[in-house]
Amino acid sequence: MQVYFDNAATTVVYPEVRELSIRLMSEDYGNPSSMHIKGVDAEEYIKTAASRMAAALKCRDKELIFTSGGTESNNLALIGSALAKRRAGKHIITSAIEHASVSSTLDFLQKEGFEVTRIPCGSDGIVSVEDVASAVREDTILCSVMLINNEVGAVQPVSEISKAVKSIKKDIYVHTDAVQAFGKIRCDVRDLGVDMLSISGHKIHGPKGSGALFVKEGTLIRPIIYGGGQQRDMRSGTENVPAIAGMGLAAEMMTGAIEANTSSMLEVKEILERGFSAFEHVKINSGAAPHIVSASFTGVRSEVMLHALEDKGIYVSAGSACSTNKPHVSETLKSMGLSKEELESTIRFSFSELNTVKEAEYVVKTVGELLPTLRRYTR
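What counts and how
- Residues numbered from 1 in each chain as written.
- Predicted model: local features only at pLDDT ≥ 70, side-chain atom pairs only at ≥ 80, totals over all residues.
- Heavy atoms only, no water.
- Phe/Tyr/Trp six-rings, centres within 6.5 Å; stacked < 30°, edge-to-face > 60°.
- Helix = DSSP H or I, 4+ residues; strand = E, 2+ residues; numbered from the N terminus.
- Buried < 20%, exposed > 50% of the residue type's maximum accessible area, 1.4 Å probe, protein only.
- Axes fitted to C-alpha atoms, helices over the stretch in contact; angles between N-to-C directions.
- Parallel < 35°, antiparallel > 145°, perpendicular 65-115°, else oblique.
- Left-handed = near helix turned anticlockwise from the far one by under 90°.
- Contact = heavy atoms within 4.5 Å.
- Nonpolar A, V, L, I, M, F, W, Y, C, P; charged D, E, K, R; others polar.
- Expected span 1.5 Å × (residues − 1).
- Core = buried A, V, L, I, M, F, W, Y, C linked by side-chain atoms within 4.5 Å.
- Pairing = 2+ DSSP bridges.

**Points about the packing of aromatic side chains**
Here is step 1 of the chain: Summed over all chains, the structure comprises four aromatic pairs.
Here is step 2 of the chain: Ring centres of Phe 276 and Phe 297 lie 5.3 Å apart, and the angle between their planes is 85°; this geometry places the pair in the edge-to-face category. In this pair, Phe 276 is assigned in helix α9 (residues 258–277) and Phe 297 in strand β10 (residues 292–297), connecting sequence segments 21 residues apart. Each of the two residues, Phe 276 as well as Phe 297, counts as buried.
Here is step 3 of the chain: For the pair Phe 297 and Phe 349, a centre-to-centre distance of 6.3 Å together with 80° between the ring planes defines the contact as edge-to-face. Residue Phe 297 is found in strand β10, and its partner Phe 349 is found in strand β12 (residues 346–350); the two are separated by 52 residues along the sequence.

Below, the structure is given as C-alpha cells:
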C-alpha cells in the first residue's frame, strides 16, 4: 500500500483541474493581453478564476492579485506594504513561528532599516492576542500572523489579533499567511478583519506555480515586479493562465465541499492521534487544523523514521517540506517548549480529503511495528 501523508507540502492535482490546465496549454493558449479573440478568451479564464476565488474569500474580484504562489504573495504583501507605509513608521509585528517566506522576507526588511518584533507562541503552538497587542507602538505599520501553522497545525486567533491591534492603532495593516488554511477552514476576509491574505494553489489540489494575494480595497501597497503593467500595475508579467484557471477551479471545488472534506480529514486525524498516543514515549504536538498531525517519537531521529516509513510506502515530512533542504531547528517546536530529543524526533503527517481511514490505520500499524526496532537500532 502507498500512502501519501505529505499534503501540507503539496497536493495531487484534481483531475478536473488537470484537464482544464492542459486545455489552456494546448487549445486556448492565447496571451490575455492580446486584443484578438485568443487573448480575449484567455482573459475570460482569468476573470472566471478571480470570481471563483473571490466567492471563496467573500471579497471582490478586483481585490485579488494572482502570483506564482504563497512565497511571492507573502513577499508582495510584506515588502509592498512596508515600502508604501515607511514614512508612517518602520515597526512590524509578527510571530516567531511563521513560514520561511514570511520570516526571511522580514529579515530582508530589517536589513533595509525596519524593526521587527517576533512574538513566541505558547506550549499549544498558539500566539497570544495580548502579547501581540502589547507589542504595538506609535510607529507600528504592519502585523503579520499566519492563520494555520504549517508544522503543527495550530490555528492562530487572527480575527482577535486584528481587532486588538486595530483598536490600539487603527491604521495598522494586518496580513495573514493562509496557505495552510485556505480550503481547509473558512477564510472569510471580512470576518478575519485582515487587509491582506496569501494563498497557494498547489496546497488545494491546484497547479504548482499558482497563488493569490487578497489586498483589501484602499490598502496601500507597492508592486515588487515591474514591467508591462498587468493586473492593474500591481504584478507585471504575462499571467500564467493555465495555473490561474486551475487554481480557481480547485478553490471552488474545495470550498464547495469544505464541511464534508473537514469531516473526512478529522476522522483520519483522530485515528492517527489515538494510535500514536498508545505507543510509549510519543508526544502529540498537533493543533486544531483538520489536516495536520505532528508527533515526536522520542528515541528515533525524524530522518530515520521518515525513510523507514518511505520503505513501507508511506510519505511524510520531518517538519516543513519548504525547509528540509537545509538543516534547521524548528522555531515552532522550540517555541512550544519541546525537549532536544523531541525536537529531533518530530514527524508531520498531513492529509487531504482523498486519504482514507484504511490508510490511517495502516500508518499507525506500521509505526507501531517500526518503533521498537528503530529505537533499539538508535541505541
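**Considerations on the packing of helix α2 (residues 37–57) against helix α8 (residues 241–256)**
Packed helix pairs are specified by the crossing angle of their axes together with the interaxial distance, meaning the distance between the axes.
Here is step 1 of the chain: Running from N to C, α2 and α8 cross one another at 30°; their axes reach a closest spacing of 8 Å. Compared by their axis directions, α2 and α8 come out roughly parallel. Judged by the sense of rotation from one axis to the other, the crossing of α2 with α8 is left-handed. When α2 is examined against α8, the residues Ala 42, Tyr 45, Ile 46, Ala 49, Arg 52, Met 53 and Ala 56 are found in contact with a partner set consisting of Val 241, Ile 244, Ala 245, Met 247, Gly 248, Leu 249, Ala 251, Glu 252 and Thr 255.
Here is step 2 of the chain: Per-class residue counts for the contact of α2 with α8 are 12 nonpolar, two polar and two charged.

**Some details on α2**
Here is step 1 of the chain: An ideal rise of 1.5 Å per residue puts 30 Å on 21 residues; α2 measures up with 30 Å between its terminal C-alpha atoms.
Here is step 2 of the chain: Inspection of α2 places Gly 39, Ala 42, Tyr 45, Ile 46, Ala 49, Ala 50, Met 53, Ala 54, Ala 56 and Leu 57 among the buried residues, and these make up the whole buried set.
Here is step 3 of the chain: Here the buried face of α2 lies against α1 (15–26), β2 (64–67), α7 (189–192), β7 (196–200), β8 (211–215) and α8.

**Some points on the nonpolar core**
Here is step 1 of the chain: One finds Met 53, Leu 57, Phe 66, Phe 182 and Leu 197 to be the most contacted residues of the largest nonpolar core, which totals 63 residues.
Here is step 2 of the chain: For this core, the element with the most residues is α2, which contributes nine residues.
Here is step 3 of the chain: Other than its neighbours up to four places away in sequence, Leu 57 contacts Leu 64, Phe 182, Cys 187, Asp 188, Val 189, Leu 197, Ile 199 and Phe 214.
Here is step 4 of the chain: The next biggest cluster of nonpolar side chains, apart from the first, holds 29 residues, and it includes Phe 276, Met 305, Leu 309 and Phe 349.

**Quick word on the sheet that holds β10**
Here is step 1 of the chain: Pairing is antiparallel in the open sheet, where three strands are placed in the order β9-β10-β12. On the outer flanks of this sheet lie β9 (282–284) and β12, each paired with one strand and no other. Taken over all neighbouring pairs, the strand axes of this sheet differ in orientation by 25° on average, direction set aside.
Here is step 2 of the chain: Looking at chain direction, β10 and β12 are connected through five bridges and run antiparallel. By the bridge assignment, Ala 295 is partnered in β12 with Ile 347.
Here is step 3 of the chain: Against the sheet, α9 makes contact with β9, β10 and β12, and its axis sits at roughly 10° relative to β10, the strand it touches most.
Here is step 4 of the chain: Its contacts with the sheet place helix α10 (residues 302–311) against β10 and β12, and it is angled at close to 40° to β12.

**What to know about the environment of Ala 54**
Here is step 1 of the chain: Within the element layout of this structure, Ala 54 appears in helix α2.
Here is step 2 of the chain: The sequence separation of Ala 54 and Ala 251 amounts to 197 residues, and the corresponding C-alpha distance is 9.7 Å.
Here is step 3 of the chain: With residues up to four places along the chain from it excluded, the contact list for Ala 54 reads Cys 59, Arg 60, Asp 61 and Leu 64.

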